[in-house]
Amino acid sequence: MTIAKILDVGRLWSAALVLSTLLAAAAVRWPQPLPIVPAVVAALVLGPPLLLALVVLLRWRLPSADQGGEWPQATESVATEQERHG
């Protein structure tokens, strides 16, 4: 792992630690319990994984044929070439 990646992970971890500390401090000072609203709980539980899945789907790229990826045209041309040599 490079130094830049280690620093990025350290920054992210530090940000998560600060956010956790702020939330814990807010919970201690909150005057009364919050009511449980099922729609809000579902959004908080399902929202981040769905958002992450959306980001992955939007940024996911398959390797091109020259980088080892298989495209239908490449598969057909390989089969045709093998038939010619076989």
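In case you missed it, the structure is sitting above this.
Quick caveat, the model's predicted, so the values are computed rather than measured.

**Description of the overall build of the protein**
In terms of regular secondary structure, the protein is built from three helices and zero strands. By element, 71% of the accessible surface of the protein is carried by carbon and sulfur atoms, the whole surface being about 8300 Å².

**Points about the pattern of salt bridges**
In this structure the tally under the stated criterion is one salt bridge. The residue Asp 8 makes a salt bridge to Arg 11 at a minimum N-O spacing of 2.8 Å. In this pair, Asp 8 and Arg 11 are both assigned in helix α1 (residues 3–29), three residues apart and thus about one turn of the helix distant.

Rules used throughout
- Residues numbered from 1 in each chain as written.
- Predicted model: local features only at pLDDT ≥ 70, side-chain atom pairs only at ≥ 80, totals over all residues.
- Heavy atoms only, no water.
- Helix = DSSP H or I, 4+ residues; strand = E, 2+ residues; numbered from the N terminus.
- Areas by Shrake-Rupley, 256 points an atom, 1.4 Å probe, with all protein chains shown as cover.
- Salt bridge = Lys/Arg side-chain N within 4 Å of Asp/Glu carboxyl O.

All quantities given are derived from atomic positions and should not be read as evidence of function.
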